[in-house]
Amino acid sequence: MLEELSGDLGFAIKANIDSIEHERLKNEQIQNYEETIISFVKMIEQRDTYTAGHTTRVAKYSELIAKK
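What counts as what
Residues numbered from 1 in each chain as written. Predicted model: local features only at pLDDT ≥ 70, side-chain atom pairs only at ≥ 80, totals over all residues. Heavy atoms only, no water. Helix = DSSP H or I, 4+ residues; strand = E, 2+ residues; numbered from the N terminus. Rg over C-alpha atoms; globule rule 2.2 N^0.38 Å. Buried < 20%, exposed > 50% of the residue type's maximum accessible area, 1.4 Å probe, protein only. Areas by Shrake-Rupley, 256 points an atom, 1.4 Å probe, with all protein chains shown as cover. Salt bridge = Lys/Arg side-chain N within 4 Å of Asp/Glu carboxyl O.

K.L.:
Help me out: how do you make sense of the overall build of the protein chain in this one?
P.N.:
The helix and strand inventory of the protein chain stands at 2 helices and 0 strands. For 68 residues, the compact-globule estimate of 2.2 N^0.38 gives 11 Å, and the C-alpha radius of gyration of the protein chain, at 22 Å, exceeds that figure by more than 25%. Seen through its principal axes, the protein chain has C-alpha atoms that stretch 75 × 25 × 5 Å. Looking at the protein chain residue by residue over its 68 residues, the buried ones come to 4%. Carbon and sulfur atoms form 62% of the exposed surface of the protein chain, whose accessible area is close to 6600 Å².

K.L.:
Before we go on, may I ask you to explain the pattern of salt bridges in this structure?
P.N.:
Any two side chains of opposite charge can pair if their charged atoms end up close together. Using the criterion set out here, one finds 6 salt bridges in the structure. Ionic pairing is found between Asp18 and Lys14, a salt bridge with its closest N-O pair at 2.9 Å. With Asp18 and Lys14 both in helix H1 (residues 2-47) and 4 residues apart, the pair spans about one turn of that helix. Owing to a relative accessible area of 39%, Asp18 belongs among the partly exposed residues under this scheme.

K.L.:
Explain the environment of Ser19 to me, please; I cannot follow it from the model alone.
P.N.:
Following the sequence through the fold, Ser19 ends up in helix H1. The exposure class assigned to Ser19 is partly exposed, which follows from its relative accessible area of 45%. A sequence separation of 17 residues divides Ser19 from Thr36, and the C-alpha atoms of the two residues are 26 Å apart.

This is the structure we're talking about:
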């Protein structure tokens, strides 16, 4: 009975560690996507100063809408 319990505990601990690692990797991936998008925005805005800031404003409004 103790052997089965220790096996179950080991499985639960491993599952928890895997879950934490998965969450860390997911957050890292999201951060990488955001950094890539920000790089594109900066590049676009440097090419066209007439509309500079537009992308940033649209992103901010999109974020506000998504939160609502």
